[in-house]
Amino acid sequence: VANPPDRAKDDSSVGAKNGQLSRAGSLTVLRRTNSKSKLASSSSSRTSSIAESDSYASVDLGTDKLPPIDTPEASHVCSIRLRNILRRIQNGEVPKEDLYKNLEYAASVLESVYVDETSTVKDTTKNSIEPPTPQPKSSKERLTDEDDELSEVEPDAVPTEVRDWLALTFTRSMNNVRRRGQEKPKFRSVAHAIRAGIMVDRIYRRLSSSSTLHIPPAVLQLLKGMDDWSFDVFALNSAADGHSLKYVGYELLQKYDLVTKYKINSSMLDSFLLQLEAGYSKYKNPYHNLVHGADVTQTVHNILSQSKLAHWLTDLEVFATIVAALIHDFEHTGTTNNFHIQTGSEFALLYNDKAVLENHHICASFRIMRSEESNILNHLSREEYREFRALVIEMVLATDMSFHFQQLKNMKNLLGMPENIDKQKALSLVLHCADISHPAKDWSLHHRWTNQLLEEFFKQGDREQELGLPISPLCDREKTLVAESQIGFIDFIVDPSFTVMTEMLEKILTPLQKAARSEEAISEEVFDKSDKSKYVLSTPWADCLAINKNKWKEQAAKDAEERKRKEAEEKSKVPNSNTNNNTTKAPVPADKATPVVNCSTGKGGN
Ligand code: 5GP
Ligand code: MN
């Protein structure tokens with residue numbers, strides 16, 4: 001929170017900017033329910049009826065018990081208070097602190113109304129296949145236009161294909177209708193959370209009993225590294241004979257004590273995890289396979305535990321988060337949502353072209369969890385089941401990449417507001433970041449994932465070619481500029497996502513750590529040396545991102561030279577031939593040629 005300004009701003013200019021100042025100086029706060037006719041009549045009335053009915057002397061300017069900012073009562077309270085402040089200013093008797101707090105509250109209410117209003121003015125006519133064209137926008141449009149980050153990208157900052165891919169993959173044409181009620185932040189005081197016993201250090205409580213699963217010693221050894229940022233999931237998968245997902249799932253459900261807490265039957269758990277692995281292996285994808293599932297789950301765990309976000313969550317929320325990560329790409333077909341839509345696949349038909357794969361991942365895994373032999377949820381109460389299911393659905397649906405820009409924007413808006421961050425939104429962003437985290441891991445890991453993903457893209461391109469469909473961006477094995485596309489992916493998608501997540505974690509955890517510190521529950525070392533009140537998050541991803549980006553830059557330069565060389569060679573072979581095809585295959589660079597840089601500084605947190 002910014003420091004209070006030294007001097008209160010001129011109130012008339014504030015009024016003129018944010019509301020309508022009638023001749024009598026009446027400020028009209030608009031809510032979406034106000035019709036135009038109401039607006040006209042209220043702005044012409046000499047004073048607001050609300051203001052008239054509340055006596056000026058009786059209004060308390062304290063800010064402890066104000067209604068939540070996104071409720072109709074908030075507008076009401078604001079109007080009373082602003083009017084009251086106006087009158088008190090005339091008499092020169094408003095304490096600076098009251099003025100500051102009330103103006104800050106009023107600003108938040110207005111921002112909330114503003115977000116509310118603008119979330120309904122989305123353009124529904126845009127075709128997602130077309131890249132967004134930069135156009136001047138009104139400020140109202142800008143707030144919710146998910147494309148604006150893309151339209152800010154200089155046309156020649158990335159190759160057209162990369163831009164097309166960004167537009168096709170990370171934006172959506174359909175209006176993302178906000179489900180009211182779910183967006184609302186939950187208000188819960190830190191003190192209450194602590195009293196309720198949420199601040200329990202349960203992460204490393206581990207029960208050795210209740211387990212029937214035999215874990216090979218080599219696997220056990222590798223599982224010890226699960227808290228590291230650049231955990232080598234490929235090594236685990238080899239040691240685990242291709243069962244990395246099973247062991248990661250098993251290990252984490254034990255680690256967070258969820259097996260005991262939710263009385264998960266171990267043979268059901270075993271069956272559930274094996275069925276998950278079978279589903280991930282169904283389409284033999286180079287990238288969207290069980291190792292990716294294990295990787296994302298381990299990454300989510302790393303973020304929850306290293307940041308200590310897990311302390312903020314209930315057991316049920318931790319359980320839902322781990323399961324959401326485990327299932328998040330279940331039975332992935334190795335093709336994109338757009339491919340499903342373009343080919344009119346069964347899944348596209350079933351889910352009406354909306355979050356096609358994500359809907360399937362969720363639906364198919366809940367089917368498994370409902371089956372008798374894999375029902376890991378059978379000891380949840382009805383309420384727990386409903387909460388668990390709602391959370392898993394929300395989190396996995398939010399891994400739909402076309403929601404990316406909207407998701408970041410929504411979170412940025414929440415960060416600018418004074419109240420708590422909604423848990424579902426927070427956890428969804430954590431899962432989204434984990435899902436795209438490999439460019440923020442050690443180069444050796446990132447490089448391997450890149451090869452696998454590109455191979456999967458190219459296979460889709462091959463199929464598109466066979467079907468006579470246009471080849472999707474990044475899917476043409478002859479033309480795709482791998483290094484450039486990875487730079488674009490890091491710059492426009494991964495980096496901004498991690499930046500917002502970092503801010504979000506700091507916002508959530510600062511008050512929690514402060515409260516914990518006052519109860520001497522957490523040691524001092526997590527606080528910034530200079531500003532003792534600020535919680536400082538360990539961000540191992542930042543270094544990795546920078547290193548990996550540089551490597552791709554070097555690679556891009558090499559690839560460009562290689563293309564030039566080839567072009568020259570072609571020209572010298574066939575004089576006067578006009579090569580209308582100016583792109584050539586840029587092979588994925590050989591891993592072995594590049595020294596592996598270890599940037600896993602995340603071990604041990606701070
Ligand atoms: P998922 O499909 O795993 O749910 O979401 C991850 C998506 O992020 C991928 O489908 C792909 O669109 C994008 N993605 C992940 N890693 C990379 C990468 O290294 N390069 C590019 N270009 N896209 C990636
Ligand atoms: Mn994924």
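Definitions and cut-offs
Starting afresh in each chain, residues are numbered from 1 along the sequence in its written order. Chain A is the first chain written and ligand 1 is the first ligand written, with later ones labelled in order. Only residues with pLDDT of at least 70 get local features here, since the model is predicted, and only at 80 or more are side-chain atom pairs given and counted; chain-wide, interface and lining totals rely on the full set of residues. To obtain the side-chain values, all non-hydrogen atoms of the structure were used and water was disregarded. UniProt positions are given in the numbering used here, feature names are shortened, and annotations may be inferred rather than shown by experiment. By convention in this text, a residue qualifies as near a molecule or strand provided that one of its non-hydrogen atoms is within 4 Å of it. Two N or O atoms count as a polar contact when they lie within 3.5 Å, although within protein this holds only if one can serve as hydrogen donor and the other as acceptor, and sequence-adjacent residues are included solely when both atoms are side-chain atoms. All accessibility values rest on the Shrake-Rupley procedure with a 1.4 Å probe; residue burial counts only the protein chains present in the view. In DSSP terms, a helix is any run of H or I states spanning at least four residues, a strand is any run of E spanning at least two, and both are numbered starting from the N terminus. Gly counts as polar in this scheme, as do all residues outside two lists: the nonpolar Ala, Val, Leu, Ile, Met, Phe, Trp, Tyr, Cys and Pro, and the charged Asp, Glu, Lys and Arg. Whether two residues are in contact is decided by their heavy atoms, any of which lying within 4.5 Å being enough. Water is not part of the atom set, so a site may look incomplete; the donors themselves are N, O and S atoms within 2.8 Å of the metal, or 3.2 Å for Na, K and Ca. For the exposure calls, accessible area comes from a 1.4 Å probe over protein chains only, and a residue counts as buried if that area is under 20% of its type's maximum, exposed if over 50%, partly exposed in between. The criterion for an aromatic pair is that two Phe, Tyr or Trp rings (for Trp, the six-membered ring) have centres within 6.5 Å, with stacked assigned to planes under 30 degrees apart, edge-to-face to planes over 60 apart and tilted to the rest. The rule for a charge over a ring is simple: NZ of Lys or CZ of Arg within 6 Å of the ring centre, and within 35 degrees of the ring normal. Definition used for salt bridges: Asp or Glu carboxyl oxygen within 4 Å of a side-chain nitrogen of Lys or Arg. Among the buried residues, those of types Ala, Val, Leu, Ile, Met, Phe, Trp, Tyr and Cys that are joined through side-chain atoms within 4.5 Å form a nonpolar core. A helix is expected to span 1.5 Å for every residue after the first.

Labelled according to an unreviewed UniProt entry, the protein appears under the name Phosphodiesterase, originating from Magallana gigas. UniProt, in the comment section headed Sequence similarities (unreviewed entry), describes the protein in these words: "Belongs to the cyclic nucleotide phosphodiesterase family."

Moving on: the site of ligand 1. Taken together, 15 residues sit near ligand 1, with His 288, Met 401, Asp 435, His 438 and Gln 486 positioned nearest. At 2.6 Å from an oxygen atom of ligand 1 is found a side-chain nitrogen or oxygen belonging to His 288. One of the side-chain N or O atoms of His 438 is found 2.8 Å from a nitrogen atom in ligand 1. Against a free-state accessible area of 490 Å², the protein chains account for coverage of 95% of ligand 1. Where the shell around ligand 1 is concerned, the elements lending two or more residues are helix H8 (160-170), helix H23 (443-466) and helix H24 (482-518). Residue composition of the shell around ligand 1, grouped by class: eight nonpolar, five polar and two charged.

Moving on: the UniProt feature "binding site: AMP" (unreviewed entry) in the protein. If you check UniProt for "binding site: AMP" (unreviewed entry), the listed places come out as His 288, Asn 289, Leu 290, Val 291, His 292, Asp 329, Asp 435 and Gln 486 in our numbering. Structurally, His 292 is set in helix H15 (residues 290-306). Ignoring anything within four residues of it in the chain, the contact list for His 292 reads Tyr 287, His 328, Asp 329, Asp 435 and Trp 449. Tracing the sequence through the fold places Asp 435 in helix H22 (residues 423-435). Apart from residues no more than four positions distant in its own chain, Asp 435 is found in contact with Tyr 287, His 292, Val 296, His 328, Asp 329, Thr 399 and Met 401.

All of the protein donors around the manganese ion (ligand 2) are His 292 (NE2), His 328 (NE2), Asp 329 (OD) and Asp 435 (OD); their distances to the metal are 2.0 to 2.2 Å. Accessibility expressed as a relative area gives 1% for His 292, which makes it buried.

Here we come to the packing of aromatic side chains. This structure, assessed with the given rule, holds 14 aromatic pairs. With a centroid separation of 5.5 Å and an interplanar angle of 75°, the aromatic rings of Tyr 287 and Trp 449 are classed as edge-to-face. Here the residue Tyr 287 occupies a position in the loop between helix H14 (266-281) and H15, and Trp 449 occupies one in helix H23, the gap between them amounting to 162 residues. By relative accessible area, Trp 449 is classed as buried at 2%. Residue placement shows Lys 423 over the ring face of Trp 312; its charged tip is 5.5 Å from the ring centre.

This brings us to the pattern of salt bridges. Following the criterion strictly, the structure yields 13 salt bridges and no others. For Arg 477, the salt bridge identified is with Glu 455, shortest N-O distance 3.4 Å. Pair noted here: Arg 477 is in the loop between H23 and H24 and Glu 455 is in helix H23, with a separation of 22 residues, a long-range link. Each of Glu 455, Asp 462 and Arg 477 takes part in a single network of salt bridges with overlapping partners.

The next point concerns the side chain of Ser 402. Among the secondary structure elements, Ser 402 is positioned in the loop between helix H20 (382-397) and helix H21 (404-415). Look at Ser 402 and you get buried, because its relative accessible area is 13%. Polar contacts involving the side chain of Ser 402 include one to the side chain of Asp 400, which spans 2.9 Å.

With that settled, consider the nonpolar core. One finds Phe 319, Phe 388, Met 501 and Met 504 to be the most contacted residues of the largest nonpolar core, which totals 116 residues. Looking at this core, the element that brings in the most residues is H24, giving 16 residues. Formed by 10 residues, the second largest nonpolar core is a distinct cluster that contains Cys 78, Ala 106, Val 109 and Val 113.

So, about the side chain of His 328. Its location among the elements puts His 328 in the loop between helix H16 (315-327) and helix H17 (337-343). A relative accessible area of 0% means that His 328 is categorised as buried. For His 328, the side chain forms a polar contact with the main-chain oxygen of Ala 325, separated by 3.0 Å. At 3.0 Å, the side chain of His 328 forms a polar contact with the side chain of Asp 435.

Moving on: helix H4 (residues 72-90). Taking 1.5 Å per residue, 19 residues should reach 27 Å; H4 reaches 28 Å between its end C-alpha atoms and fits that length. Listing the buried residues of H4 in full gives Ala 74, Ser 75, Cys 78, Ser 79, Ile 80, Arg 81, Leu 82, Arg 83, Asn 84, Ile 85 and Arg 88. Following H4 by one or two positions, Gly 92 adopts a phi angle in the positive range, close to 65°.

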